[in-house]
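Here is how the chains run, residue by residue.
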Amino acid sequence: MMKLSNLLFEEEQQNGYDQSLVGKLIGQGSSRMVYEYSNDKVIKFSEYYDQKKQEIKVYKCLTKKYATQIFDYDKSPKLKWIIAEKAIVDAIEVKDKLIDLLELYEQEYVEMSIPDFFDTLAHSLTLIITSRINTDKRRDIVKTIEYIQFSSWGKEFVSRLENCKVYPIDFNEFNWGIRESTGEVVLVDYGFEYFPPKY
(Lines give C-alpha, C1' and ligand atoms only; values in the text may rest on other atoms or scores of the structure.)
Protein backbone atom coordinates (compact mmCIF):
# COMPACT_ATOMS: atom_id res chain seq x y z
CA MET A 1 0.00 0.00 0.00
CA MET A 2 1.32 3.44 -0.85
CA LYS A 3 2.06 5.87 1.99
CA LEU A 4 0.04 9.05 2.11
CA SER A 5 2.12 12.17 2.14
CA ASN A 6 1.03 15.00 4.38
CA LEU A 7 1.89 17.24 1.46
CA LEU A 8 -1.05 15.80 -0.46
CA PHE A 9 -3.41 17.32 2.06
CA GLU A 10 -2.06 20.85 2.26
CA GLU A 11 -4.79 23.47 1.94
CA GLU A 12 -3.68 24.61 -1.50
CA GLN A 13 -4.03 21.06 -2.88
CA GLN A 14 -7.49 20.24 -1.53
CA ASN A 15 -9.30 21.03 -4.75
CA GLY A 16 -6.81 19.34 -7.06
CA TYR A 17 -5.56 16.12 -5.51
CA ASP A 18 -2.40 14.71 -7.00
CA GLN A 19 -3.80 11.76 -8.95
CA SER A 20 -0.38 10.20 -9.33
CA LEU A 21 -0.45 9.56 -5.58
CA VAL A 22 -3.98 8.22 -5.35
CA GLY A 23 -4.95 6.63 -8.66
CA LYS A 24 -7.85 7.35 -10.98
CA LEU A 25 -11.11 9.00 -10.01
CA ILE A 26 -13.78 6.28 -9.80
CA GLY A 27 -16.71 8.13 -8.24
CA GLN A 28 -17.94 11.44 -6.98
CA GLY A 29 -20.95 13.08 -5.41
CA SER A 30 -21.93 16.58 -4.42
CA SER A 31 -19.30 16.74 -1.67
CA ARG A 32 -17.10 13.68 -2.12
CA MET A 33 -14.54 12.26 -4.52
CA VAL A 34 -13.44 8.62 -4.52
CA TYR A 35 -10.15 7.50 -6.06
CA GLU A 36 -8.53 4.12 -6.54
CA TYR A 37 -5.92 3.66 -3.84
CA SER A 38 -4.79 0.12 -4.66
CA ASN A 39 -6.29 -2.97 -6.29
CA ASP A 40 -8.58 -3.60 -3.34
CA LYS A 41 -8.89 -0.18 -1.66
CA VAL A 42 -10.28 3.28 -2.39
CA ILE A 43 -9.58 6.64 -0.81
CA LYS A 44 -12.50 8.98 -0.17
CA PHE A 45 -12.08 12.73 0.13
CA SER A 46 -14.88 14.95 1.37
CA GLU A 47 -15.12 18.59 2.22
CA TYR A 48 -17.44 17.84 5.14
CA TYR A 49 -15.81 16.70 8.38
CA ASP A 50 -19.14 15.58 9.88
CA GLN A 51 -19.89 13.29 6.94
CA LYS A 52 -16.57 11.47 7.29
CA LYS A 53 -16.85 11.29 11.06
CA GLN A 54 -20.35 9.82 10.70
CA GLU A 55 -19.13 7.27 8.15
CA ILE A 56 -16.47 6.02 10.57
CA LYS A 57 -18.99 5.81 13.40
CA VAL A 58 -21.56 4.02 11.24
CA TYR A 59 -18.98 1.52 9.96
CA LYS A 60 -17.96 0.59 13.50
CA CYS A 61 -21.61 -0.13 14.26
CA LEU A 62 -22.75 -1.75 11.00
CA THR A 63 -19.54 -3.79 10.83
CA LYS A 64 -17.96 -5.44 7.82
CA LYS A 65 -21.04 -7.63 7.36
CA TYR A 66 -23.09 -4.75 5.94
CA ALA A 67 -20.54 -2.10 4.93
CA THR A 68 -17.24 -1.87 3.13
CA GLN A 69 -14.39 -2.07 5.58
CA ILE A 70 -12.58 1.09 6.67
CA PHE A 71 -8.84 0.45 6.92
CA ASP A 72 -7.53 3.88 7.86
CA TYR A 73 -8.51 7.53 8.06
CA ASP A 74 -6.96 10.93 8.57
CA LYS A 75 -6.42 11.39 12.31
CA SER A 76 -5.97 15.16 12.00
CA PRO A 77 -8.72 17.50 13.23
CA LYS A 78 -9.85 18.07 9.64
CA LEU A 79 -10.37 14.35 8.88
CA LYS A 80 -9.84 14.82 5.14
CA TRP A 81 -9.72 11.22 3.91
CA ILE A 82 -10.84 7.65 4.53
CA ILE A 83 -9.27 4.52 3.06
CA ALA A 84 -11.89 1.83 2.54
CA GLU A 85 -12.45 -1.51 0.88
CA LYS A 86 -13.07 -1.34 -2.86
CA ALA A 87 -16.34 -2.92 -4.00
CA ILE A 88 -17.98 -3.54 -7.34
CA VAL A 89 -20.61 -0.86 -7.86
CA ASP A 90 -23.00 -2.46 -10.34
CA ALA A 91 -26.65 -1.53 -9.74
CA ILE A 92 -28.05 -4.39 -11.84
CA GLU A 93 -26.02 -7.03 -9.97
CA VAL A 94 -26.84 -5.44 -6.58
CA LYS A 95 -30.55 -5.37 -7.46
CA ASP A 96 -30.46 -9.06 -8.43
CA LYS A 97 -28.70 -9.99 -5.18
CA LEU A 98 -31.11 -7.92 -3.07
CA ILE A 99 -34.07 -9.58 -4.82
CA ASP A 100 -32.60 -12.93 -3.72
CA LEU A 101 -31.74 -11.81 -0.18
CA LEU A 102 -35.17 -10.25 0.39
CA GLU A 103 -37.01 -12.94 -1.61
CA LEU A 104 -38.66 -10.32 -3.85
CA TYR A 105 -39.40 -12.81 -6.60
CA GLU A 106 -42.61 -11.23 -7.91
CA GLN A 107 -42.30 -10.10 -11.51
CA GLU A 108 -42.94 -6.45 -10.69
CA TYR A 109 -39.69 -6.27 -8.67
CA VAL A 110 -37.72 -7.99 -11.40
CA GLU A 111 -39.11 -5.57 -14.01
CA MET A 112 -38.81 -2.44 -11.85
CA SER A 113 -36.34 0.14 -13.11
CA ILE A 114 -33.12 0.50 -11.11
CA PRO A 115 -34.06 3.94 -9.66
CA ASP A 116 -37.60 2.78 -8.78
CA PHE A 117 -36.35 -0.42 -7.16
CA PHE A 118 -33.85 1.38 -4.91
CA ASP A 119 -36.29 4.20 -4.15
CA THR A 120 -38.93 1.66 -3.09
CA LEU A 121 -36.37 -0.18 -0.95
CA ALA A 122 -35.15 3.06 0.69
CA HIS A 123 -38.68 4.22 1.50
CA SER A 124 -39.64 0.77 2.81
CA LEU A 125 -36.61 0.58 5.12
CA THR A 126 -37.27 4.13 6.31
CA LEU A 127 -40.90 3.39 7.12
CA ILE A 128 -39.98 0.24 9.06
CA ILE A 129 -37.37 2.08 11.10
CA THR A 130 -38.87 5.52 11.67
CA SER A 131 -42.59 5.27 10.89
CA ARG A 132 -42.05 8.22 8.52
CA ILE A 133 -42.81 8.21 4.84
CA ASN A 134 -43.21 10.83 2.15
CA THR A 135 -44.07 9.17 -1.14
CA ASP A 136 -46.90 8.28 -3.46
CA LYS A 137 -45.72 4.64 -3.78
CA ARG A 138 -47.51 3.33 -0.71
CA ARG A 139 -48.79 0.10 -2.30
CA ASP A 140 -45.31 -0.97 -3.44
CA ILE A 141 -43.84 0.02 -0.11
CA VAL A 142 -46.34 -1.88 2.05
CA LYS A 143 -45.70 -5.04 0.03
CA THR A 144 -41.92 -4.54 0.11
CA ILE A 145 -42.01 -4.09 3.89
CA GLU A 146 -43.66 -7.50 4.22
CA TYR A 147 -40.88 -9.11 2.22
CA ILE A 148 -38.17 -7.33 4.20
CA GLN A 149 -39.70 -8.35 7.53
CA PHE A 150 -40.06 -12.00 6.49
CA SER A 151 -36.59 -12.53 5.04
CA SER A 152 -33.84 -13.36 7.52
CA TRP A 153 -31.34 -11.01 5.82
CA GLY A 154 -33.91 -8.19 5.78
CA LYS A 155 -34.72 -8.59 9.48
CA GLU A 156 -31.04 -8.61 10.45
CA PHE A 157 -30.27 -5.63 8.21
CA VAL A 158 -33.17 -3.57 9.61
CA SER A 159 -32.14 -4.43 13.16
CA ARG A 160 -28.58 -3.30 12.46
CA LEU A 161 -29.78 -0.04 10.83
CA GLU A 162 -31.95 0.65 13.88
CA ASN A 163 -29.15 -0.10 16.34
CA CYS A 164 -26.75 2.10 14.38
CA LYS A 165 -29.36 4.82 13.90
CA VAL A 166 -28.81 4.85 10.13
CA TYR A 167 -31.47 6.79 8.24
CA PRO A 168 -31.89 4.87 4.95
CA ILE A 169 -34.12 7.33 3.06
CA ASP A 170 -31.23 8.32 0.77
CA PHE A 171 -30.09 4.78 -0.07
CA ASN A 172 -29.92 4.65 -3.85
CA GLU A 173 -28.19 2.47 -6.41
CA PHE A 174 -24.89 4.28 -5.80
CA ASN A 175 -24.82 3.46 -2.07
CA TRP A 176 -24.61 -0.29 -2.66
CA GLY A 177 -21.87 -2.55 -3.96
CA ILE A 178 -20.69 -6.14 -4.18
CA ARG A 179 -17.76 -7.26 -2.02
CA GLU A 180 -15.17 -8.59 -4.46
CA SER A 181 -13.86 -11.33 -2.16
CA THR A 182 -17.22 -12.89 -1.22
CA GLY A 183 -19.91 -11.54 -3.56
CA GLU A 184 -21.87 -10.14 -0.59
CA VAL A 185 -24.04 -7.03 -0.93
CA VAL A 186 -22.62 -4.17 1.16
CA LEU A 187 -23.12 -0.45 1.60
CA VAL A 188 -20.27 1.51 0.02
CA ASP A 189 -21.43 4.97 1.09
CA TYR A 190 -22.86 5.23 4.58
CA GLY A 191 -22.02 8.66 5.96
CA PHE A 192 -25.70 9.33 6.60
CA GLU A 193 -27.30 11.43 9.29
CA TYR A 194 -28.92 9.77 12.26
CA PHE A 195 -32.59 9.16 11.76
CA PRO A 196 -35.22 11.36 13.40
CA PRO A 197 -37.23 9.93 16.29
CA LYS A 198 -40.43 7.96 15.63
CA TYR A 199 -43.74 9.79 15.85
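Residues numbered from 1 in each chain as written. Predicted model: local features only at pLDDT ≥ 70, side-chain atom pairs only at ≥ 80, totals over all residues. Heavy atoms only, no water.

**Q** How should I be thinking about the overall build of the protein chain in this particular structure?
**A** When helices and strands are counted, the protein chain shows 7 helices and 8 strands. Residue burial in the protein chain is summarised as follows: out of 199 residues, 45% are buried. Just so you have it, the protein chain exposes about 10,700 Å², and 49% of that area is on carbon and sulfur atoms. (Helix = DSSP H or I, 4+ residues; strand = E, 2+ residues; numbered from the N terminus. Buried < 20%, exposed > 50% of the residue type's maximum accessible area, 1.4 Å probe, protein only. Areas by Shrake-Rupley, 256 points an atom, 1.4 Å probe, with all protein chains shown as cover.)

**Q** What am I meant to see in the sheet that holds strand E6 (residues 87–88) here?
**A** One key point about sheets: their strands pair by backbone hydrogen bonds, in either a parallel or an antiparallel sense. Read from one edge of the open sheet, 3 strands run E6-E7-E8, paired in antiparallel fashion. In the strand order of this sheet, the two ends are held by E6 and strand E8 (185–187), each with one partner. In this structure, E6 lies alongside strand E7 (residues 176–179), joined through 2 bridges in antiparallel fashion. In the sheet register, Ile88 faces E7, and the bridge partner there is Ile178. Contacts between helix H3 (residues 91–102) and the sheet are confined to E7 and E8, with E7 contributing the most and set at about 80° to the helix. (Pairing = 2+ DSSP bridges. Contact = heavy atoms within 4.5 Å. Axes fitted to C-alpha atoms, helices over the stretch in contact; angles between N-to-C directions.)

**Q** Just checking my understanding: could you explain the nonpolar core for this structure?
**A** Most often, soluble globular proteins keep nonpolar side chains buried together rather than apart. Within the largest apolar cluster, 43 residues are counted, with the highest numbers of intra-cluster contacts made by Leu98, Phe157, Phe171 and Trp176. Going through the elements one at a time, helix H2 (49–62), strand E5 (81–85), H3, helix H5 (114–130), helix H6 (138–150), helix H7 (152–164), E7 and E8 are the ones with two or more residues in this core. The element that contributes the greatest number of residues to this core is H5, accounting for 8 residues. By size, the runner-up hydrophobic cluster in this structure holds 7 residues, among which are Tyr35, Tyr37, Phe45 and Trp81. (Core = buried A, V, L, I, M, F, W, Y, C linked by side-chain atoms within 4.5 Å.)

**Q** Would you explain the sheet that holds strand E2 (residues 32–38) in this entry?
**A** Read across the open sheet, the 5 strands follow the order E1-E2-E3-E5-E4; overall the sheet is antiparallel. A strand with exactly one partner marks an edge of an open sheet, and here the two such strands are strand E1 (25–28) and strand E4 (70–73). Adjacent strand axes in the sheet meet at a mean angle of 25°, parallel and antiparallel pairs treated alike. Across 3 bridges, the pairing between E4 and E5 is antiparallel. Considered in E5, the bridge of Ile70 is made with Ala84. Of the strands in this sheet, E2, strand E3 (41–46), E4 and E5 touch H2, which is tilted by about 145° from E4.

**Q** Is there a simple way to explain a negative patch on the surface in this structure?
**A** Together, Asp90, Glu93, Asp96 and Asp100 make up a negatively charged patch on the protein surface. Among the secondary structure elements, Glu93 is positioned in helix H3. Glu93 sits in the partly exposed class, given a relative accessible area of 31%. (Patch = residues over 30% accessible without salt bridge, like charges linked within 9 Å, V, L, I, M, F, W, Y side chains within 5 Å. Salt bridge = Lys/Arg side-chain N within 4 Å of Asp/Glu carboxyl O. Lys, Arg positive; Asp, Glu negative; His and termini not counted. Charge placed at Lys NZ, Arg CZ, Asp CG, Glu CD.)

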